[in-house]
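# What the coordinates show
Listed below, chain by chain, are the residues.
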Amino acid sequence: MPTETVAPVVILGPQRFDPTVAEAARAVGIHGPFVTVTAGWQEREHEDDELDKHFAEKTVNLRLYERAERVWKADPELREAHRKRQERLRLKQDFYRIRLEHELEAAHVIDQRKAPPEILEEERAASMEAIRDLDAYHLAQCAREKNDWSEKWRPLERPAVAKERAELEKLVREAGAVAIAGGHVATLLNRLELFGMGELLRGKPLLAWSAGAMAISDRVVLFHDNPPQGAGAAELLDRGLGLCPDVIPLPHPEQRLRLSDPVRVRLLAARFVPALSLAMTSRSHITWNGLAFVRPYKIGLLHEDGRVEKLGWPEEPTPDATPTDTDFPEPELEIPSETG
């Protein structure tokens, strides 16, 4: 049985300050020309010169953010309907967040209580089940809102969207592979969905990093253990495109996760099993070959017992080579407080 398909999906750590995506593409036999998605950069979508140079000037930017702006201008009725849908989703997110913070706080308290092991395990399991049920309920709510909207408005059949999508289909078909950058994950996901990009990208060699990796997974998880404001509760934003299943990409773990705290690691890992929760540091990457994840490099796998297992980390010649919080620049990924 082959270990890789003809259309691998590579998810990577941050690329802004230390790009490695072209190197990772070569390692798994992905060749250009590449079409790129930088819609998560919003108004800066076109500022892709460095990315183009990294790919030896073999890229064409799909300009999904710009295309969406053209759609809104040509079809104000659809734009207003989309705005109202987003407002409903924001409200759903707010109510979900209120419930979630209470459930997570209860789980943290229970996790640290003293009790006979069998009782403590039962109570931990009950807390985790409550959190998973709430997550599943929220995802179902998001899916219902979006499905109802799509059935009513049929965006892909509206002339303004159909015109852009026909052009996108041709560009993707003629490309050797697709590269999806990071940025604002909600904005990125919404533009990918508006043009039905999940269908166009399925079966195509893909490379995605930061918010891009989050958007192509089957669940988009927002996380920050030490936010400037708030309780630091990891929350589900929405379904992703499902092009890289059973994985929770966690970009910028150095700034956003307390990987030295086994209680937090355990709760995060246990919450999303059987999906793999992967801390994706600078230069990290891993490949989905259609059957399994292979070729891990500098990946941190979070376990239900609170451990973080290093997968594919090179030998460190000195203790000084161990990553610390000060070794990494400010992150490019902006975790939104609401659905964009």
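Residues numbered from 1 in each chain as written. Predicted model: local features only at pLDDT ≥ 70, side-chain atom pairs only at ≥ 80, totals over all residues. Heavy atoms only, no water.

### Focus on the overall build of the protein chain
Test applied: Strands are runs of DSSP state E lasting at least two residues, helices are runs of H or I lasting at least four, and both sets are numbered from the N terminus onward. Radius of gyration here is computed from C-alpha atoms only, and the compact-globule reference equals 2.2 Å multiplied by the residue count raised to the power 0.38. Here, residues are in contact when the closest pair of their heavy atoms is within 4.5 Å. A 1.4 Å probe and the Shrake-Rupley method give the accessible areas. Residues count as covered only by the protein chains that appear here.
Along its length, the protein chain carries 11 helices and 11 strands. On C-alpha atoms alone, the protein chain measures out to a radius of gyration of 20 Å, which is about the 20 Å that the 2.2 N^0.38 rule sets for 340 residues. Expressed along its principal axes, the backbone C-alpha trace of the protein chain runs to roughly 65 × 50 × 45 Å. Considering only contacts within the protein chain whose residues lie at least 6 apart along the sequence, 75% involve residues at least 24 apart. Within the structure as shown, the protein chain displays about 16,500 Å² of accessible surface, and the carbon and sulfur contribution to it stands at 51%.

### Brief notes about the side chain of His184
Condition: Remark: exposure states derive from per-residue accessible area (1.4 Å probe, protein chains only) relative to the maximum for the residue type, with buried under 20%, exposed over 50%, and partly exposed in between. Counting of polar contacts relies on pairs of N or O atoms within 3.5 Å, with two restrictions inside protein: one atom must be capable of donating a hydrogen and the other of accepting it, and residues adjacent in sequence are counted only when both atoms are side-chain atoms.
Along the chain, His184 turns up in the loop between strand 4 (177–180) and helix 7 (185–194). Residue classification places His184 among the buried positions, given a relative accessible area of 17%. A polar atom in the side chain of His184 sits 3.2 Å from the backbone nitrogen of Thr187.

### A short note on a negative patch on the surface
The cut-off we apply is this: Residues enter patches when they are more than 30% accessible in relative terms and free of salt bridges; like-charged ones are connected within 9 Å and nonpolar ones (Val, Leu, Ile, Met, Phe, Trp, Tyr) within 5 Å. We define a salt bridge as a contact between a side-chain nitrogen of Lys or Arg and a carboxyl oxygen of Asp or Glu at a distance within 4 Å. When charges are counted, Lys and Arg contribute as positive and Asp and Glu as negative, whereas His and the chain ends are disregarded. Think of each charge as sitting on NZ of Lys, CZ of Arg, CG of Asp or CD of Glu.
On the surface, a cluster of negative charge is made up of Glu118, Glu121, Glu122 and Glu123. Here Glu122 shows up in helix 5 (residues 117–153).

### Things to note about empty space enclosed by the protein
What counts here: Both site types are read off a 1 Å grid over the protein atoms alone. A 1.4 Å probe that fits but cannot get out defines a cavity, while an open set with protein on both sides within 12 Å along at least five of seven lines defines a pocket; lining residues have an atom within 4 Å of a point. Grid points are joined across faces, edges and corners, and a volume is the space filled by probe spheres set on the points. Polarity classes work like this: nonpolar for Ala, Val, Leu, Ile, Met, Phe, Trp, Tyr, Cys and Pro, charged for Asp, Glu, Lys and Arg, and polar for all others, with Gly in that last group.
One pass over the structure, following the stated rule, counts 1 cavity of 30 Å³ or more. For the largest cavity, the calculated volume is near 30 Å³. In terms of lining, the largest cavity is formed by Asp225, Leu257, Arg258, Leu259, Arg264, Val265, Leu268 and Leu302. It is helix 11 (residues 262–272) that contributes the most residues to the lining of the largest cavity, 3 residues altogether. Here the residues of the lining of the largest cavity sort into 5 nonpolar, no polar and 3 charged.

### What to know about the confidence of the model for the protein chain
Quick note on the threshold: Per residue, pLDDT captures the predictor's confidence, and it can take any value from 0 to 100.
Averaged over every residue, the pLDDT of the protein chain is 89; the share at 70 or more is 90%. Confidence drops under a pLDDT of 50 for residues 1–5, and excluding neighbours within four residues, the segment shows 9 contacts in the predicted structure. Across residues 320–340 the pLDDT falls below 50, and counting only partners more than four positions away or on other chains, this stretch makes 53 contacts in the model.

### Re the packing of helix 4 (residues 76–111) against helix 5
The criterion, for reference: Note on method: axes are straight lines fitted to C-alpha atoms, helices fitted across the in-contact stretch only, with angles between N-to-C directions ranging 0 to 180 degrees. Our angle categories are set so that under 35 degrees counts as roughly parallel, over 145 as roughly antiparallel, 65 to 115 as roughly perpendicular, and the remainder as oblique.
Packing of helix 4 against helix 5 brings their axes to within 10 Å, and their N-to-C directions diverge by 180°. For the element pair helix 4 / helix 5, the angle class is roughly antiparallel.

### Some points on the pairing of strand 8 (residues 247–251)
Note the threshold: Whether two strands pair comes down to DSSP finding at least two bridges between them.
Of all the 5 residues making up strand 8, 5 are buried; the element is thus mostly covered by neighbouring parts of the structure. Both faces of strand 8 are covered, namely the face carrying Val247, Pro249 and Pro251 and the face carrying Ile248 and Leu250. In this structure, strand 8 lies alongside strand 9 (residues 276–288), joined through 5 bridges in parallel fashion. Looking across to strand 9, one finds that Leu250 is bridged to Ala279.

### Digging into the packing of aromatic side chains
For any pair of aromatic rings, geometry is given as the distance between the ring centres together with the angle between the planes. Note the threshold: Stacked, tilted and edge-to-face are the three classes assigned to paired rings of Phe, Tyr and Trp, where Trp is represented by its six-membered ring and a pair needs centres within 6.5 Å; plane angles under 30 degrees give stacked, over 60 edge-to-face, the rest tilted. Think of it as a cone above the ring: NZ of Lys or CZ of Arg counts as a charge over the ring if it is within 6 Å of the ring centre and within 35 degrees of the ring normal.
As enumerated under the stated definition, the model contains 2 aromatic pairs in all. Taking 4.2 Å as the distance between ring centres and 35° as the angle between the ring planes, the aromatic pair formed by Phe34 and Phe55 counts as tilted. Taken together, the residues span a long stretch of sequence, with Phe34 in strand 2 (residues 34–37) and Phe55 in the loop between helix 2 (49–54) and strand 3 (59–61) at a distance of 21 residues. A single burial state applies to Phe34 and to Phe55, both of which are buried. Stacked on the ring of Trp149, the Lys or Arg Arg85 has its end atom at 4.7 Å from the ring centre. When the ring centre of Trp313 is taken as reference, the NZ or CZ atom of Lys310 above it lies at 4.5 Å.

### Quick word on unusual backbone geometry
The omega torsion of the bond from Gly32 to Pro33 falls at 5°, within 30 degrees of zero and hence cis. Within the secondary structure, Pro33 is located in the loop between helix 1 (21–27) and strand 2. The residue after Val273, namely Pro274, is reached through a cis peptide bond having omega 10°. One can find Pro274 in the loop between helix 11 and strand 9. Here Glu57, not a glycine, exhibits a phi torsion of approximately 60°, which is positive. Secondary-structure assignment places Glu57 in the loop between helix 2 and strand 3. With a phi close to 50°, Arg63 is a non-glycine residue in the positive phi region.

### Comments concerning helix 11
Within helix 11, 10 of the 11 residues are buried, leaving the element largely enclosed by the surrounding structure. Of the residues that open helix 11, the one with a side-chain oxygen 3.0 Å from the backbone nitrogen of Val263 is Asp261.

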